[in-house]
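These are the residues of each chain, in order.
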Amino acid sequence: MSAGHADQADLALERLGSGVSADLDDRLAQRLADLHQVLGNQESERTVRLELERRRQARFNALRVRLAPLLDIGGPQLADPAQFYRLLSGPQSFSISDRERRKIQLEAVRHFGFLELRDGQAETIAAILRGESILAVMPTGAGKSLCYQLPALILPKATLVVSPLIALMKDQVESLPEALAAKATSITSALDGYELDRRMAGVAAG
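Residues numbered from 1 in each chain as written. Predicted model: local features only at pLDDT ≥ 70, side-chain atom pairs only at ≥ 80, totals over all residues. Heavy atoms only, no water.

S.K.: What exactly am I supposed to notice about the packing of helix α6 (residues 98–112) against helix α7 (residues 121–130) here?
M.R.: When two helices pack together, their arrangement is given by the angle between their axes and by how far apart the axes lie. With their axes 10 Å apart at the nearest point, α6 and α7 run at an angle of 100 degrees to one another. Comparing the axis directions of α6 and α7 gives the class roughly perpendicular. In contact with E100, R101 and I104 of α6, α7 contributes A122, E123, I125, A126, L129 and R130. Here the contact of α6 with α7 is composed, by residue class, of five nonpolar, no polar and four charged. (Axes fitted to C-alpha atoms, helices over the stretch in contact; angles between N-to-C directions. Helix = DSSP H or I, 4+ residues; strand = E, 2+ residues; numbered from the N terminus. Parallel < 35°, antiparallel > 145°, perpendicular 65-115°, else oblique. Contact = heavy atoms within 4.5 Å. Nonpolar A, V, L, I, M, F, W, Y, C, P; charged D, E, K, R; others polar.)

S.K.: Looking at this structure, how should I read the nonpolar core?
M.R.: Inside soluble globular proteins, nonpolar side chains tend to come together where they are buried. Counting residues in hydrophobic clusters, the biggest one holds 16 residues, and the most contacted among them are I96, I104, F112, I125, L146, L150 and L180. Sorting the residues of this core by element identifies α6, α7 and α8 (144–154) as the ones contributing at least two each. At five residues, α8 tops the list of elements feeding residues into this core. Listed in part, the five residues of the second largest apolar core include L32, A33, V48 and L52. (Core = buried A, V, L, I, M, F, W, Y, C linked by side-chain atoms within 4.5 Å. Buried < 20%, exposed > 50% of the residue type's maximum accessible area, 1.4 Å probe, protein only.)

S.K.: Before we go on, may I ask you to explain the packing of helix α2 (residues 26–39) against helix α3 (residues 42–67) in this structure?
M.R.: With their axes 8 Å apart at the nearest point, α2 and α3 run at an angle of 155 degrees to one another. If you check the angle between α2 and α3, you find them roughly antiparallel. Regarding α2 and α3, the two cross each other, and that crossing is left-handed. Residues D26, A29, Q30, L32, A33, D34, H36 and Q37 of α2 form the contact with α3, whose participating residues are S44, E45, V48, R49, L52, R55 and R59. Among the residues forming the contact of α2 with α3, the class breakdown is five nonpolar, four polar and six charged. (Left-handed = near helix turned anticlockwise from the far one by under 90°.)

S.K.: In this structure, what is going on with helix α11 (residues 193–204)? I would like to understand it.
M.R.: Residue pairs three or four apart in sequence face the same way in an α-helix, which turns once every 3.6 residues. The first and last C-alpha atoms of α11 sit 16 Å apart over twelve residues, in line with the 16 Å expected at 1.5 Å per residue. Just past α11, the residue G206 takes up positive phi, approximately 90 degrees. (Expected span 1.5 Å × (residues − 1).)

S.K.: What should I look at first to understand α7 in this one?
M.R.: Within α7, seven of the ten residues are buried, leaving the element largely enclosed by the surrounding structure. Of the residues making up α7, those classed as buried are Q121, A122, E123, T124, I125, A126 and A127. Following α7 by one or two positions, G131 adopts a phi angle in the positive range, close to 85 degrees.

S.K.: I'm lost on the pattern of salt bridges in this one. Help?
M.R.: Two side chains bearing opposite charge may form a pair once their charged atoms approach each other closely. Under the defined criterion, the tally for this structure stands at 15 salt bridges. As a salt-bridge pair, D34 and R49 come within 3.1 Å of each other at their nearest N and O atoms. Placement of D34 in helix α2 and of R49 in helix α3 is noted, with a sequence separation of 15 residues between them. Across the pair R56 and E53 runs a salt bridge whose closest N-O atoms are separated by 2.4 Å. (Salt bridge = Lys/Arg side-chain N within 4 Å of Asp/Glu carboxyl O.)

S.K.: What is the right way to look at the confidence of the model for the protein chain in this model?
M.R.: Should the pLDDT be low somewhere, the predicted coordinates at that spot are not to be read in detail. Averaged over every residue, the pLDDT of the protein chain is 81; residues scoring 70 or more account for 80%. The secondary-structure element of the protein chain with the lowest mean pLDDT is helix α1 (residues 3–16), recorded at 54, while α7 shows the highest, at 93. (pLDDT = per-residue confidence, 0-100.)

Structure below.
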């Protein structure tokens, strides 16, 4: 920052005064803290960042109060926002026994040749095998397909997978391991009435 710009910034900060105005939103407060940092105003920067942390903690406390009656989580666990998040979401929020994990791993090796499972896969599959509802949000390439393909091989009933693209459905069915491909089909708008009925009848027959 040039000397002229620094002088202008100092004048603007003087007009703002000390502290953080209550009507200054978090985005602007963050920019104010960054400006103090560039100018070397360490004490002012610290004041703004402390205010931002106070606001964050206040929002978290309000959320904690509202959720407390609905959750069986103790006070110490609620004290740390990061720990609170881990308890409510992600693989850490799921209890899975060693027996369940071993069974899922053995089936993954047997049918797909996967020697290791990725984060969240075993927990998601365990929930499905228990008959529980689960919402799994995973990035591209994280192994979502296995989370429904493996249970489809293990469970006795039909597995319905809803997909947005016909090309994706076709690719999914064609890339299945042999044991699963023999029992899988796709139902799309490209089928004529006879073929649609034939495939639906096949699903009904197992």
